[in-house]
Amino acid sequence: MCGDKLNSEGLVGVGFQQERDDKTEGEKVSDGASDLVRARNQLLAEHSANGRSARLDPEALREALVDLYELWLTTKGHEVGITADSGLALVAVGGLGRREMLPYSDLDLVLLYDDVDPQRVAEVADQLWYPLWDAHIKLDHSVRTVPQALRVAADDLTAALGMLEARHIVGDDGLSNLLISGVRRDWRAGIRSRFDALIEQAQTRWRRSGDVAHRAEPDIKNGRGGLRDIQLLDALAIAQLTDAMPGLGPDVPGGGLQQAHRRLLDVRTELHRVAGRARDQLRAQDADEIGAALRIGDRFDLARTLSDAARTVSYSTDVGLRTAGNALPRRGLARLRRAPVRRPLDEGVVEHSGEVVLARDARPQRDPGLILRVAAASAQTGLPMSATTLNRLGEDAPELREPWPKEALNDLLVLLGTGRGAVDAVEALDRTGLWGRLFPEWGVVRDLPPRDAMHTWTVDRHLMETVARAGALSTRVARPDLLLLGALLHDIGKGRTEDHSVVGAELAVSIGNRLGLWPSDVQTLAGVVRHHLLLPDTATRRDITDSDTVKMVIDALDGDPQLLELLHALAEADALATGPGVWNDWKASLIGDLVRNCRTAMAGDALPEPTPIPDELRARAESGGVHVDLKPGEGRFHHVVTVVAPDNPGLLSDAAGVLAVHSLRVLSAELASVGASAIDTFVVAPRFGDPPDPGLLRQELIRAINGDLDLASVLARKERDAGGAQPRPFAQARPRVFWHETADPGRVLLELRAEDRIGLLSRLAAALAEAGVNVCWAKVVTMGSAVIDSFCLDLGDTDTPGRRADIEAAVLAVVPPQQPKKPLESDS
């Protein structure tokens, strides 16, 4: 605070009180509120302090304005007869009620009366209201008895929310207390019937005013993440449905909800002071002046501060509404319903009451990968993570060791591959400080505003929007994992003075090593980040038919066709995530032609080949019979299942189906044969719990081979159960089938790129078996939620375009179809 406390005992208060004491009693009553206006203007003006020009900071100004208005109203109230035993009381709502008086805020007042002659009440009201009107002070007023005010609050939701902030100013405090306690009592009793209307009102306001965090000229009061949302949280707290500051503590980025509240108030206070009138929308031309007044910096620094505050408020509001909805008292038959069932989602992760929470036996202290499993489960199901769960993870979960375990990297890829679900999940992790723990580099781009008008989002949100777009393009590349990671990191170097592509590539190497990527993949990831602007810049600024242009691109990429493929997909995802109109048919055509010209000049990719069979497995296969072994794998939750059985049609479908029935997710698989026996090796991870005994798997496999186990029905039921209330019937990316020729006559490679689903490998193998196709060998790889399955098919003399089309249709019939496209989505 600058200077002494400016209240009734301070400088302005003393001068204001002395001015009134110098008047006669008659003059006091007839005097308008000009003295109030002069005192307010004195507070707004710069004044001399110790010989230097100074001004009140926003918080001090609000406190001084509250004191000033209370002093004036109290004095005026006493003059017109509003005393403790008068049967009259003056109550403030709105900004004065909340003690958040801004320079040009409306003055919201309620004059209460009880057993007073109506003529007398009217006279008192006129003596209060007219001086304020004459001084051009905006006044929202009403004159009511307590029962009348309570009826208004019961009938009008907006009025009820205002009266929840009511505060006694002068007069009979018993009347004020009756109103305040009555409104709050009725609010708590009736919240169940008013909750839906409360949510609808908020959503209407959000649609009308937009997001404070992502608007060029945000509405700080009414926008999503603005001051109205904090008042909404206060109303839910008064209803005893949630804490007034849900989900966030003081140690999270930005300092939590209390700090966000103060920042929004400070910006709105300066906005009033700069505009010289009441204003809620921050105009671009005022931003530099307000940023300087608040000692924040320029308009970009102010935008970053507002984004951080608004996103904190938005997250807290989501948590508060969700918590309040779960806490609503049940009535009638609803009270007799059984407690919500805890549905397993992943190891240590369950669904409970529509939220993702920790299982009862979860041990966050010993399970650093639990953060990513919780987030991945949330993104996959569309269910929000419980604030209590996130807080517990923040307090108890240890740091991931470096390099990350394979399962942690896989969970990250699952999270990133879920499209829109990843945006919300990462936002929740980031607001609670958990995302910054996983990626410390994120702090530099968090809430960083764009420097050009094309960009819609802050840099960190743009990165996640790019990830969501890249997820829909993941089947266009052979390495969807590197595409998702490249999308996540392509602008991670921004916010620094150096070229963000160069800095980002250096950070990508550090992050890639931390994630546990292979050295070659780390270099590819760094190349994606370093050259993510190469294709769009070259295609739109140079002659793409010029051989020198093509050579320049190839040289920059060291002739790597995989890197070219990744950059092509990332260029589209990046443009789509930038803003409307940035990606169009013209740009897509230019970049596509450039990529085709470069591919023509590059060598093709090597085709998959079968892995040699170990001698011990070869000997077991030659001995015949059905064998199932299960051994620990490299990761904490990874296991290797080896199946040796007679090589009959449908064996692969049966083996993969049995694994899926027992909640074993296939991460990779290799299929081979020796004589009359097949050798199928699977790397699996239990979805939750421990893997089953290999003896049980062998028995179930024999039942499936003999036709005693209907795997198709069991898998369909299991998939329905896993979907729960939030099924995901569609894939983010369109599934794709590629055909490759081999050196062996009659043999071809079928490569499928698609999103995973429960029992997908079993369904694929069954479809190939029903199509009468002989699978010579196969390689299956799962990268997060994406799969790349390669099957060597022996088609013999039947290898015709029609035959391939039939096989392709059979394969695509069992993969998740692509979800309907939304505006701006492209799959060109």
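Residues numbered from 1 in each chain as written. Predicted model: local features only at pLDDT ≥ 70, side-chain atom pairs only at ≥ 80, totals over all residues. Heavy atoms only, no water.

### Some details on the overall build of the chain
Here is step 1 of the chain: On a plain count of helices and strands, the chain comes out with 33 helices and 17 strands.
Here is step 2 of the chain: Counting the 828 residues in the chain, one finds 56% classified as buried.
Here is step 3 of the chain: Counting contacts in the chain only where the partners sit at least 6 residues apart, residues at least 24 apart contribute 71% of the total.
Here is step 4 of the chain: Working note: accessible area of the chain is about 35,800 Å², and carbon and sulfur atoms make up 49% of it. (Helix = DSSP H or I, 4+ residues; strand = E, 2+ residues; numbered from the N terminus. Buried < 20%, exposed > 50% of the residue type's maximum accessible area, 1.4 Å probe, protein only. Contact = heavy atoms within 4.5 Å. Areas by Shrake-Rupley, 256 points an atom, 1.4 Å probe, with all protein chains shown as cover.)

### Side note on the packing of aromatic side chains
Here is step 1 of the chain: Counted under the stated rule, the structure contains four aromatic pairs.
Here is step 2 of the chain: Taken together, a centroid distance of 4.8 Å and an interplanar angle of 45° make the contact between tryptophan 435 and phenylalanine 439 tilted. Neither residue differs from the other here; tryptophan 435 and phenylalanine 439 are each classed as buried.
Here is step 3 of the chain: Residues tryptophan 435 and tryptophan 442 carry aromatic rings whose centres are separated by 5.8 Å and whose planes lie at 90° to one another, so their mutual orientation is edge-to-face.
Here is step 4 of the chain: With a relative accessible area of 2%, tryptophan 442 lands in the buried category.
Here is step 5 of the chain: Aromatic rings pair up to connect Trp404, Trp435, Phe439 and Trp442 into one cluster.
Here is step 6 of the chain: One residue, arginine 224, lies across the ring of tryptophan 206, its end atom 4.2 Å from the ring centre.
Here is step 7 of the chain: We note arginine 451 situated over the ring of phenylalanine 300; from NZ or CZ to the ring centre the distance is 3.8 Å. (Phe/Tyr/Trp six-rings, centres within 6.5 Å; stacked < 30°, edge-to-face > 60°. Lys NZ or Arg CZ within 6 Å of the ring centre and 35° of its normal.)

### Things to note about the sheet that holds strand β9 (residues 355-358)
Here is step 1 of the chain: Strand order in the open sheet made by the three strands is β7-β8-β9, with antiparallel pairing throughout. A single partner strand is all that each edge strand has here, and the edge strands are β7 (343-346) and β9. Taken over all neighbouring pairs, the strand axes of this sheet differ in orientation by 40° on average, direction set aside.
Here is step 2 of the chain: Sheet topology places β7 next to strand β8 (residues 349-352); three bridges connect them, and they run antiparallel. Looking across to β8, one finds that arginine 343 is bridged to glutamate 351. (Pairing = 2+ DSSP bridges. Axes fitted to C-alpha atoms, helices over the stretch in contact; angles between N-to-C directions.)

### Regarding the pattern of salt bridges
Here is step 1 of the chain: According to the stated counting rule, one finds 51 salt bridges in the structure shown.
Here is step 2 of the chain: The salt bridge involving aspartate 308 is made with arginine 431; its shortest N-O contact spans 3.1 Å. Placement of aspartate 308 in helix α13 (residues 299-327) and of arginine 431 in helix α17 (residues 420-431) is noted, with a sequence separation of 123 residues between them.
Here is step 3 of the chain: Among the residues examined, aspartate 308 registers a relative accessible area of 9% and is labelled buried.
Here is step 4 of the chain: Glutamate 719 is the partner of arginine 757 in a salt bridge, and the nearest nitrogen-oxygen pair spans 2.6 Å. Here the residue arginine 757 occupies a position in the loop between β15 (747-755) and α32 (760-770), and glutamate 719 occupies one in helix α31 (residues 711-723), the gap between them amounting to 38 residues.
Here is step 5 of the chain: Three or more residues are tied together by salt bridges with common partners; here these are Arg263, Asp308, Arg311, Glu427, Asp430, Arg431, Arg446, Asp447 and Asp460. (Salt bridge = Lys/Arg side-chain N within 4 Å of Asp/Glu carboxyl O.)

### Considering the environment of proline 536
Here is step 1 of the chain: By secondary structure assignment, the location of proline 536 is in helix α24 (residues 534-541).
Here is step 2 of the chain: For proline 536, a relative accessible area of 15% corresponds to the buried category.
Here is step 3 of the chain: On a C-alpha basis, the gap between proline 536 and leucine 594 in space is 9.5 Å, while along the polypeptide they are 58 residues apart.
Here is step 4 of the chain: In this view, proline 536 contacts Ala571 and Ile591; residues no more than four positions away in its chain are not counted.

### A word on the nonpolar core
Here is step 1 of the chain: In terms of nonpolar packing, the biggest core is built from 96 residues, with Leu412, Leu415, Trp435 and Phe439 touching the most fellow members.
Here is step 2 of the chain: Tallying contributions element by element places helix α26 (residues 561-578) first for this core, with ten residues.
Here is step 3 of the chain: Discounting chain neighbours no more than four positions away, the residues touching tryptophan 435 are Leu412, Leu415, Val426, Leu429, Asp430, Trp442 and Leu488.
Here is step 4 of the chain: Core analysis: the second largest hydrophobic core is formed by 50 residues, Val643, Leu671, Ile758 and Val787 among them. (Core = buried A, V, L, I, M, F, W, Y, C linked by side-chain atoms within 4.5 Å.)

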